[in-house]
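Here is what each chain is made of, one letter per residue.
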Amino acid sequence: MSTKNLLLNEESPPSYQSIYPAEVTVTTGENEIRTTVTHQSVIDPDTETHVYKRRWYVLIVYSLLAFTQGGYWNTWGPIAATSEDAFGWSDADIALLSNWGPISYVLAAFVMSWVVDVKGLRWSCLSTAVMVALGAGVRCITDRPPYVTWTMDVGQMLNGFAGPVNTYPPVFSAAWFPTNQRLTATGVITASSFIAKAIPMVIGPYMVKDRTSNTNSTMRNTSWINMTDDERISQERHDIMMYMYVEAAWAVFILLLILIYFPAKPPKPPTLSASVERMDFKTGAKCLVRNVRFWIICATYGISLGVFNCWQSVLDVILKPHNIDENEAGWLGFYSILAGCVGSVILAKFADVFSRHMKMFLLLLYISGSACFVWFTLLINGTIPDSTYSLYVAIILATLLLNASVPLYYEMACEVTYPVAEGITNFVLTLVNNIGGLVFLLVGMIPHIGTAWANWACLGAIVSCIPVLLLIKENYNRLEVDEIKGEET
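Everything numeric in this text was worked out from a predicted model, so none of it was measured.

Overview of the packing of aromatic side chains
Tallied over the entire structure, the rule returns 18 aromatic pairs. Taking the centre distance of 5.8 Å and the plane angle of 20 degrees together, the rings of Phe-308 and Trp-311 count as stacked. You can see Phe-308 and its partner Trp-311 sitting in helix H11 (residues 292-313), three residues apart, about one turn around the helix. Residue Phe-308 is classed as buried on the basis of its relative accessible area, which comes to 1%. Residue classification places Trp-311 among the buried residues on the basis of a relative accessible area of 1%. Each ring, one from Tyr-366 and one from Tyr-409, has its centre 6.2 Å from the other, and the planes form 80 degrees; the classification is edge-to-face. In this pair, Tyr-366 is assigned in helix H14 (residues 358-380) and Tyr-409 in helix H16 (residues 406-417), connecting sequence segments 43 residues apart. By relative accessible area, which is 0% here, Tyr-366 ends up buried.

Here it is as structure tokens:
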């Protein structure tokens, strides 16, 4: 069992000694191996703070960047049937395109963690926007097999390298927003990445018509039925490439917004905790590795939401054996993720008011979400009478409840690990999340495995985390620092 002896710089005011460590001594292992890392920084309660109105503009630009990266990751699931017909792909090819998100994230996580910690938000967001634009551009090169498979995979891989942008929200909110708006700002950015997953579920089937089934409801004009196979495939490829061109143009627009104005931080910090220098990358990483509470949070977040988010990305493939076409699956996914966006923002605002009860909120969300997912699984397997209405309600409620937990995880992790930099904390948190999703999608690539296992795996990942959540002991280190400033002013 690890133990920590926290010693403060002698110049630190006595009232802050239990809050902000200057030196951390860690004892590990049976041989009492001692590791000491030093961080010298003193809280100055007289630090001038200011909240700038421009924070809302920067929040919008950041949210659009997260929206774009997340949306491009989910390009292929909603148009899976058409893409398979157009390029001769299989379900495994579609799964790989989605899988590039977690694969690339794992490869890029530590590099991007260093960039945001050392270079700041502007350089990290600018490099993210460049990779998203490059990835979108590569996908526009060709529509001819087998080359199109390579260009689409490379494009998805580049977009996946930009995936760590979804771990910046706590860094951004800590740098720009006051304590009573911090979780709300994190919730807004998180919601934008959720909306990004929902929009392709509607735009994709709208721009890329499904001509693979005579019963498809997306095609009101059935003149395409008389097309030859070559004519149909040619039209499908044309639609897909138009979709790629539109996405590439939007990515360039977001890159220009970042280039024009996106400062790393405001001139003056919004809170006392934002004014204090965080641990350097190496020191913070050492402390993070030995923080048991943080790893419990990582386990629940990574296992449950890592699997659940990737389950959503292949919802069209999962529902296909149950006679639910792309259009129906697209709207089902759209409404459910949209509900999750609304839920995450509302709950984040509510949690800003009751900021010391994050564990209670998480338990309520997971217990209720598990019940809804049980309902969905029983419906889809025919155990209880099936209906479109019940299917919609079950998925929408489950997504609303589970996605609403994301900003809570981000902020709880930052509170538990403070004064470790928020960027390092959330990169590791999301790295574990992507590993969980990667395992789920890799299983889906096994030939002839089908889709029935996916629902049970997702349900098991969610339910198994409830007892783990009970073990979490809440710490609010960063909030305590900000409350010092509040009490003295």
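So that's the structure; there's more coming.
Quick notes on the environment of Met-241
Mapping Met-241 onto the fold places it in helix H8 (residues 229-260). Once the C-alpha coordinates of Met-241 and Ile-141 are considered, the two residues, 100 residues apart in sequence, prove to be 9.1 Å apart. Excluding anything up to four places from it in sequence, Met-241 contacts Arg-139, Cys-140, Thr-142, Asp-143 and Met-152.

A short note on empty space enclosed by the protein
To find leftover empty space, a probe the size of one water molecule is rolled over the atoms. The final tally for this structure, using the stated rule, is five cavities of 30 Å³ or more. The computed volume of the largest cavity comes to approximately 400 Å³. For the largest cavity, the lining is made up of 24 residues, of which Asn-166, Lys-197, Asn-309, Asn-433 and Asn-434 are closest to its centre. Where the lining of the largest cavity is concerned, the elements lending two or more residues are helix H1 (55-73), helix H3 (91-118), helix H7 (179-207), H11, H16 and helix H17 (422-444). The element contributing the most residues to the lining of the largest cavity is H7, with five residues. Within the lining of the largest cavity, the residues separate by chemical class into 10 nonpolar, 13 polar and one charged.

Considerations on a nonpolar patch on the surface
On the surface, a nonpolar cluster with roughly 560 Å² of combined accessible area is contributed by Tyr-57, Val-252, Leu-256, Leu-259, Ile-260 and Tyr-261. When residues of the nonpolar patch are assigned to their parent elements, the largest contribution, four residues, is made by H8. Note on placement: Val-252 falls in helix H8. Since its relative accessible area comes to 41%, Val-252 is described here as partly exposed.

Conventions and cut-offs
Residues numbered from 1 in each chain as written. Predicted model: local features only at pLDDT ≥ 70, side-chain atom pairs only at ≥ 80, totals over all residues. Heavy atoms only, no water. Phe/Tyr/Trp six-rings, centres within 6.5 Å; stacked < 30°, edge-to-face > 60°. Helix = DSSP H or I, 4+ residues; strand = E, 2+ residues; numbered from the N terminus. Buried < 20%, exposed > 50% of the residue type's maximum accessible area, 1.4 Å probe, protein only. Contact = heavy atoms within 4.5 Å. 1 Å grid on protein atoms, 1.4 Å probe; cavity = no way out; pocket = protein on both sides within 12 Å on 5 of 7 lines; lining within 4 Å. Points joined across faces, edges and corners; volume = space filled by probe spheres on them. Nonpolar A, V, L, I, M, F, W, Y, C, P; charged D, E, K, R; others polar. Patch = residues over 30% accessible without salt bridge, like charges linked within 9 Å, V, L, I, M, F, W, Y side chains within 5 Å. Areas by Shrake-Rupley, 256 points an atom, 1.4 Å probe, with all protein chains shown as cover. Salt bridge = Lys/Arg side-chain N within 4 Å of Asp/Glu carboxyl O.

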